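Structural features, examined
Given next are the chains, with one letter for each unit.
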Amino acid sequence: MSKFWSPFVRNLVPYVPGEQPKLAKLVKLNTNENPYGPSPKALAAMQTELNDNLRLYPDPNSDLLKNAVANYYSVQSNQVFLGNGSDEVLAHIFHGLLQHDKPLLFPDISYSFYPVYCGLYGIQFDAVPLDEQFQINPADYAKPNGGIIFPNPNAPTGCLLALDAVEQILKASPDSVVVVDEAYIDFGGETAISLVDRYPNLLVTQTLSKSRSLAGLRVGLAVGHVDLIEALERIKNSFNSYPLDRMSNVGGAAAFEDREYFDKTCGLVIESREKLVAQLQAKGFEVLPSAANFIFARHPKHDASELAAKLREQGVIVRHFKQERIAQFLRISIGTPEQNQALIDGLGDL
Ligand SMILES: *Cc1c(COP(=O)(O)O)cnc(C)c1O
């Protein structure tokens, strides 16, 4: 704390990201990165872009990537918004579309950045409890609100909400923006982007960090009605005109165009997930049904923080949250078959 700070900084509670260890040898299953690298075509496109043109500013609208996303999802390019990671896209959404008199609704167990943005932008929120099975119940969101946001699949549970249930939430709150954060949708869900032309209150966000294995590049996007996108463009152009650099524009576009590599690597992750779930269940774990590139599991006889510490000693890191309702769960990212085996070996006999 310092006398030089703006008053509101004293009360900020920042997000704490999962550890990025400096030791290279660790089996890193704690931040849901993709174990397979980015598309070789995306890497080649970025290598070509690494030239003297870097002295010039990038395209402020990143039209190349916008068009690639619009083409991929069969929407208009003015229905697409891009940002420096979907975290930045979400920040602009909270600022520009979710700051209202009534409280914002999101699940009690959800992405822990949402309450942080509420603190940053002074937004009141109401955390809606997941049901006993850790599922979102659409009927719980049919109450007065200034907006709704939830990840689908949810994080850190991995549980998927079917598209007709998403639609039920949209129909019950036609006067609020409903944001579906689809960071993990490509690992087993169906995107709600198919609904944007029918629901002007729907905004879908996605990231290139997980299914497209470009967490280090920082690219995220939102798709929705042009009026919603215009609000985000206003904020972006009042904050940073160039959130995406030259590498992101060409690398992101090439990643969307390389469907073959995308399908192959998502398929491998899904296959490994099913195998890992079976192995953990054989060790007595209860595993929530996952449609993501991670699983959320608890053991009835072993304390989760002790298990996480034991795994760390074996060089395997997983994520443990202290929040009371989920304190006995571990969130485990899906790795390569070798990394998953290291996790199983590290758990030993339980
Ligand atoms: C990973 C994640 C994001 C952020 O992704 P970036 O594009 O890397 O900023 C957003 N929402 C959820 C639920 C996530 O898990």
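Quick look at the structure, then. Predicted, not measured: the structure shown is a model, and the values here were computed from it.

Some words on the packing of aromatic side chains
If you walk through the whole model with that rule in mind, you get 17 aromatic pairs. Note on Tyr 15 and Phe 113: the rings are 4.3 Å apart at their centroids and 10° apart in plane angle, and the pair reads as stacked. With Tyr 15 in the segment before strand S1 (27–28) and Phe 113 in helix H4 (residues 113–121), this pair connects stretches of sequence that are 98 residues apart. The buried category is assigned to Phe 113, whose relative accessible area is 14%. Relative to Phe 329, the ring of Phe 296 has its centre 4.5 Å away and its plane inclined at 5°; by these criteria the two rings are stacked. Of this pair, Phe 296 sits in strand S10 (residues 294–298) while Phe 329 sits in strand S12 (residues 329–333), and the two are 33 residues apart along the sequence. Through a chain of ring-to-ring contacts, the aromatic side chains of Tyr 15, Phe 94, Phe 106, Tyr 111, Phe 113, Tyr 114, Tyr 117 and Phe 125 assemble into a single cluster. When the ring centre of Phe 256 is taken as reference, the NZ or CZ atom of Arg 212 above it lies at 3.9 Å. The ring of Phe 294 carries the charged tip of Arg 331 above its face, separated from the ring centre by 5.7 Å.

As for the sheet that holds strand S4 (residues 125–128)
Pairing in this open sheet of seven strands is mixed, and the strands run S2-S8-S7-S6-S5-S3-S4 from one edge to the other. Only two strands of the sheet have a single neighbouring strand rather than two, namely strand S2 (80–83) and S4. Put simply, the sheet's adjacent strands are angled 20° from each other on average, direction ignored. Strand direction decides the pairing type here: S2 and strand S8 (residues 220–224), joined by four bridges, are antiparallel. Note that in S8 the partner of Gly 83 across the bridge is Gly 220. Against the sheet, H4 makes contact with strand S3 (104–107), S4, strand S5 (147–151) and strand S6 (178–181), and its axis sits at roughly 160° relative to S3, the strand it touches most.

Focus on the packing of helix H2 (residues 63–73) against helix H7 (residues 246–257)
Where H2 meets H7, the axes come as close as 8 Å, and the angle between the chain directions of the two elements is 20°. Between H2 and H7, the angle falls in the class roughly parallel. In terms of crossing hand, the pair formed by H2 and H7 is left-handed. Between H2 and H7, the contacting residues are Asp 63, Leu 64, Leu 65, Ala 68, Val 69, Tyr 72 and Tyr 73 on the first element and Ser 248, Asn 249, Val 250, Gly 252, Ala 253, Phe 256 and Glu 257 on the second.

Some remarks on the environment of Val 13
Among the structural elements, Val 13 can be located in the segment before S1. For the pair Val 13 and Glu 233, spaced 220 residues apart in sequence, the C-alpha to C-alpha distance is 27 Å.

Digging into the sheet that holds S12
Pairing in this open sheet of three strands is antiparallel, and the strands run S9-S10-S12 from one edge to the other. Looking at strand neighbours, the two that pair on one side only are strand S9 (286–287) and S12, the edges of this open sheet. The sheet contact formed by S10 and S12 spans five bridges and is antiparallel. Pairing of Arg 298 across the sheet is with Phe 329, part of S12. Relative to the sheet, helix H8 (residues 259–282) contacts S9, S10 and S12, its axis offset from that of S10 by approximately 10°.

Quick word on the site of the ligand
The local shell around the ligand consists of Gly 85, Ser 86, Asp 87, Tyr 111, Asp 181, Ala 183, Tyr 184, Thr 207, Ser 209, Lys 210 and Arg 218. In the model, an oxygen atom of the ligand is placed 2.6 Å from a nitrogen or oxygen of the Ser 209 side chain. Here Arg 218 contributes a side-chain N or O atom positioned 2.8 Å from an oxygen atom of the ligand. Within the complex, 93% of the 390 Å² of free accessible area of the ligand lies under protein. It is helix H3 (residues 85–97) that provides the largest number of residues to the shell around the ligand, a total of three residues. Residue classes in the shell around the ligand are distributed as three nonpolar, four polar and four charged.

Calculation rules
Residues numbered from 1 in each chain as written. Predicted model: local features only at pLDDT ≥ 70, side-chain atom pairs only at ≥ 80, totals over all residues. Heavy atoms only, no water. Phe/Tyr/Trp six-rings, centres within 6.5 Å; stacked < 30°, edge-to-face > 60°. Helix = DSSP H or I, 4+ residues; strand = E, 2+ residues; numbered from the N terminus. Buried < 20%, exposed > 50% of the residue type's maximum accessible area, 1.4 Å probe, protein only. Lys NZ or Arg CZ within 6 Å of the ring centre and 35° of its normal. Pairing = 2+ DSSP bridges. Axes fitted to C-alpha atoms, helices over the stretch in contact; angles between N-to-C directions. Contact = heavy atoms within 4.5 Å. Parallel < 35°, antiparallel > 145°, perpendicular 65-115°, else oblique. Left-handed = near helix turned anticlockwise from the far one by under 90°. Near = heavy atom within 4 Å. Polar contact = N/O pair within 3.5 Å; in protein donor to acceptor, adjacent residues only side chain to side chain. Areas by Shrake-Rupley, 256 points an atom, 1.4 Å probe, with all protein chains shown as cover. Nonpolar A, V, L, I, M, F, W, Y, C, P; charged D, E, K, R; others polar.

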